[in-house]
Amino acid sequence: MTAITRFEEIDAWKSSRQLTNMVYAISNQIGFNKDFGLRDQIRRAAVSIMSNIAEGFESRTDIQFINFLGMARASAGEVRAQLYMALDQKYITEEQFKETHIVAEKCSRQISKFITYLESNPRQRRVSDSSADYEIGLSTDL
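The following paragraphs examine the structure supplied in this document. (Residues numbered from 1 in each chain as written. Predicted model: local features only at pLDDT ≥ 70, side-chain atom pairs only at ≥ 80, totals over all residues. Heavy atoms only, no water.)

1. Let's talk about the overall build of the protein chain
- Summing up its helical and strand segments, the protein chain has 4 helices and 0 strands in all.
- Helices and strands in the protein chain line up, N terminus first, as α-α-α-α.
- Of all 142 residues assigned to the protein chain, the portion counted as buried reaches 42%.
- Sequence-distant contacts, at least 24 apart, represent 73% of the contacts inside the protein chain between residues at least 6 apart.
- Carbon and sulfur atoms provide 52% of the accessible area of the protein chain, an area that totals close to 9,000 Å². (Helix = DSSP H or I, 4+ residues; strand = E, 2+ residues; numbered from the N terminus. Buried < 20%, exposed > 50% of the residue type's maximum accessible area, 1.4 Å probe, protein only. Contact = heavy atoms within 4.5 Å. Areas by Shrake-Rupley, 256 points an atom, 1.4 Å probe, with all protein chains shown as cover.)

2. A few points about the nonpolar core
- The biggest cluster of nonpolar side chains holds 37 residues, and the ones touching the most others in it are Ile-10, Ile-53 and Val-79.
- Going through the elements one at a time, α1 (11-27), α2 (36-57), α3 (62-88) and α4 (94-120) are the ones with two or more residues in this core.
- The residues contacting Ile-10, other than those within four sequence positions of it, are Ile-4, Ile-53, Phe-57, Phe-65 and Phe-114. (Core = buried A, V, L, I, M, F, W, Y, C linked by side-chain atoms within 4.5 Å.)

3. Comments concerning the packing of aromatic side chains
- Evaluated as defined, the whole model comprises 5 aromatic pairs.
- Aromatic ring contacts, followed pair by pair, group Phe-57, Phe-65 and Phe-114 into a single cluster. (Phe/Tyr/Trp six-rings, centres within 6.5 Å; stacked < 30°, edge-to-face > 60°.)

4. Topic: the pattern of salt bridges
- Evaluated as defined, the whole model comprises 3 salt bridges.
- Residue Arg-6 is joined to Glu-8 by a salt bridge in which the shortest nitrogen-to-oxygen separation is 3.4 Å.
- The partner of Asp-40 in a salt bridge is Arg-39, and the shortest N-O contact between them spans 2.9 Å. (Salt bridge = Lys/Arg side-chain N within 4 Å of Asp/Glu carboxyl O.)

5. Quick notes on α1
- Here α1 spans 24 Å end to end across 17 residues, near enough to the 24 Å set by a 1.5 Å rise per residue.
- When we look at burial in α1, the residues that qualify are Ala-12, Trp-13, Ser-15, Ser-16, Leu-19, Thr-20, Met-22, Val-23, Ile-26 and Ser-27.
- Taken together, the buried residues of α1 touch α2, α3 and α4. (Expected span 1.5 Å × (residues − 1).)

6. What about the side chain of His-101?
- Along the chain, His-101 turns up in helix α4.
- Judged by its relative accessible area of 11%, His-101 is buried.
- Apart from the residues lying within four places of it in its own chain, the contact partners of His-101 are Arg-80, Leu-83 and Tyr-84.

7. Digging into the side chain of Asn-52
- Tracing the backbone shows Asn-52 in helix α2.
- Since its relative accessible area comes to 10%, Asn-52 is described here as buried.
- Non-local contacts of Asn-52, meaning those with residues more than four positions away in its chain, are made with Phe-68, Met-71 and Ala-72.

Below, the structure written as C-alpha cells:
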C-alpha cells in the first residue's frame, strides 16, 4: 500500500464525501426538508463519517485512528438505517434509496478493510505531517 500523507487521499474519505453530498441533495427535497429531525440526523451522520476519518488520520497513533474509523463505520450504518426511514416516509424514491445505500455500504466496506489493514500492520506511532518545519525556542523569561 502506498503511504498516505493526507486524509483526502483515503478512498473511504472520498466515498464518504460523495455520500455526504448525496445525502444533502436528497434531504433538500420537498417533504424531506421539512422533517427537521430526520433531515438533520442523516446529515450529521454522513458528515460524521468524513469527520471521523479525518480526525482519526490526524491522531497520534493507529490505535486512535482505528477507534475513529470504528465510529465512522458506525455512522455509515446510521445513514443506511435512516435511508430506510426516508424511503418508508416516501421522502425519496426507490432509485434514490438504492443509489445512496450503495455508496453508504461502499463506505462501510472501505472503512472495514482499512481497519483490517491497520490492525495487521501495527505501528506504535505515526506522524502524518512529515513536511512541516518546526522550531523549538527556549524562553528566557523563566
